[in-house]
Amino acid sequence: MTAFPKIAKIQYEGPKSKNPLAFRWYDENEVVEGKTMRDHLRFSVVYWHTFRGTGSDPFGAATMARPWDDGSNSVENAARRARAAFEFIEKLGAPFYAFHDRDVAPEGATLAETNRNLDAVVRVLQEEQRRTGIKLLWGTANLFSHPRYMHGAATTCNADVFAYAAAQVKKCLEVTKELGGGNYVFWGGREGYQNLLNTDMKRELDHLGRFLHMAVDHARKIGFTGQFLIEPKPKEPTKHQYDSDAAACCNFLRAYGLFDHFKLNLETNHATLAGHTMMHELDYTAGQGRLGSIDANTGDLLLGWDTDQFPTNYYLTAECMLVILKYGGLAPGGVNFDAKVRRESFEPIDLFHAHIGGMDAFARGLKIAAEIRSEGVLDTFVRNRYRSWDAGIGAEIESGRADFASLEQYMLGKGEADPNESGRQELLENIFNRYVG
Ligand code: XUL
Ligand code: CO
């Protein structure tokens, strides 16, 4: 049985192609800055939206037509779904996928039964990985859907729930290792609060720090050498999420002695919910040496929630790729499409359209960014803008030789600072447009 009988492997046909089931920009073998597009972009398909998304929303029922899925919670259905997932990812030509434990296998009545269900489906995933060569970009534990996590998982007021979450992450780490996952993600789904009147924030943050140390210790114990990632998001489901943005995550990691053990998995729609651009989050994180991976999607600027749409905007992808190239790439992370088709796009073929569009947008963004870098106009401008720091008083300040007294002496002697120069924002935006156009 095949899940997508009418669809053959998606091919690269070039920018002039009008075939909706072909790539116009993503040629996996094309070399850009000395590396293939495949190795730069490391595309990954998410299991949760693409194979578990139903299209339901707070106002309406499920809409998705998924002929391979009988809608039951059985392990057999989960195994059939896994085979359909690998057929999709293989036909698309994405080298990676990512999952939550509960996406791939049904939860049982007890932890032991749930773990058995997971082991059964992991055997299918392993078989499919071997058959196709598709790899696991990252695994993660769903610590937010089940009602037990209503008050949080690592930051719950209920110590038993913390213990359950620990057991769940322990198992998910072991499974991620078994499947050769390159990374392991923590997105703090319900790690935050709705109201401070019932919340001991300091105690909750201390517990989160302890929980992540336990994860690091367990990884060491079992020999899991993948990269740990934290995924910032400011709100939704809670009013305030503790991992609210990249800067808050870096501060948390430093405060709790976890900085060397974690990098960040940045998501575009989370950046915009936090009031930042994705470029801001990338630039800040990479500057701290903590850029690990990205969840590629986009929000709708007219809606204030996490719409997780597929990215199609070349400005956005070019900005992302400019920062990613500048800091040497994402590996062992990748470009993970944490994005879902709209509930109106309910047919299986829409999954192909969505991913092809996202992959093309990133491939185009990569090419634009590489061209901007090869001509060096922006770099040269920025370098020149900061030239007062390269010698003289600037170099004295940067090297730590200056203090307030020596700077006062310097300025008393000089009388007034050198004049400023234009920041040329409009010119630079026009230059950027030359490459995108
Ligand atoms: C939620 C979100 C998650 C994480 C993994 O907004 O982005 O799907 O990526 O738990
Ligand atoms: Co995400």
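This section reports on the structure supplied with the text. Please read these numbers as outputs of a predicted model, since none were measured by experiment. Within each chain, residue numbers correspond to sequence positions counted from 1 in written order. Throughout, the order in which chains and ligands are written sets their labels, letters from A for the former and numbers from 1 for the latter. Residues qualify for local features only when their pLDDT is at least 70, as the model is predicted, and side-chain atom pairs are given and counted only at 80 or more; totals for whole chains, interfaces and linings, by contrast, use all residues. With hydrogens and water excluded, all non-hydrogen atoms of the structure serve as input to the side-chain values.

**Focus on unusual backbone geometry**
Argument step 1. Each neighbour pair has its own omega, and for E236 with P237 the value is 15°, a cis peptide bond.
Argument step 2. Helix and strand definitions here come from DSSP, where helices need a minimum of 4 consecutive H or I residues and strands a minimum of 2 consecutive E residues; each element is numbered from the N-terminal end. Tracing the sequence through the fold places P237 in the loop between β10 (227-230) and β11 (240-241).
Argument step 3. Note that the residue after A331, namely P332, is joined by a cis bond; omega there is 5°.
Argument step 4. Take P332: it is sitting in the loop between α11 (314-326) and β14 (335-337).

**Here we look at the site of ligand 1**
Argument step 1. We call a residue near a given molecule or strand whenever any one of its heavy atoms falls within 4 Å of it. Around ligand 1 sit W48, H100, W138, W187, E231, K233, E267, H270, D295, D306 and D338, and those are all the residues in its vicinity.
Argument step 2. Within the contact set of ligand 1, an oxygen atom lies 2.9 Å away from a side-chain nitrogen or oxygen of K233.
Argument step 3. Throughout this entry, Asp, Glu, Lys and Arg are counted as charged residues, while Ala, Val, Leu, Ile, Met, Phe, Trp, Tyr, Cys and Pro are counted as nonpolar. The remaining residues, Gly among them, count as polar. Of the residues in the shell around ligand 1, the class split is 3 nonpolar, 2 polar and 6 charged. Polar contacts here mean pairs of N or O atoms no more than 3.5 Å apart (in protein, one a potential hydrogen donor and the other a potential acceptor; neighbouring residues in sequence count only if both atoms are side-chain atoms).

**Observations regarding the packing of α11 against helix α12 (residues 348-375)**
Argument step 1. For every element, the axis is a line fit to its C-alpha atoms; helices are fit only across the contacting stretch, and the angle between N-to-C directions ranges from 0 to 180 degrees. Packing of α11 against α12 brings their axes to within 7 Å, and their N-to-C directions diverge by 55°. Taken as axis vectors, α11 and α12 run oblique relative to one another. α12 is crossed by α11, and the crossing has right-handed handedness. On the side of α11, the interface is formed by Y314, T317, A318, C320, M321, L322, L325 and K326, while α12 contributes A361, F362, R364, G365, L366, I368, A369, A370, I372 and R373.
Argument step 2. Here the residues of the contact of α11 with α12 are counted per class, giving 13 nonpolar, 2 polar and 3 charged. Angle categories are assigned with fixed cut-offs, so that under 35 degrees is roughly parallel, over 145 is roughly antiparallel, 65 to 115 is roughly perpendicular, and the rest are oblique. Handedness of each helix crossing follows the sense of rotation of the near helix against the far helix: counterclockwise by less than a right angle gives left-handed, clockwise gives right-handed. Contacts: residue pairs with any heavy atoms within 4.5 Å of one another.

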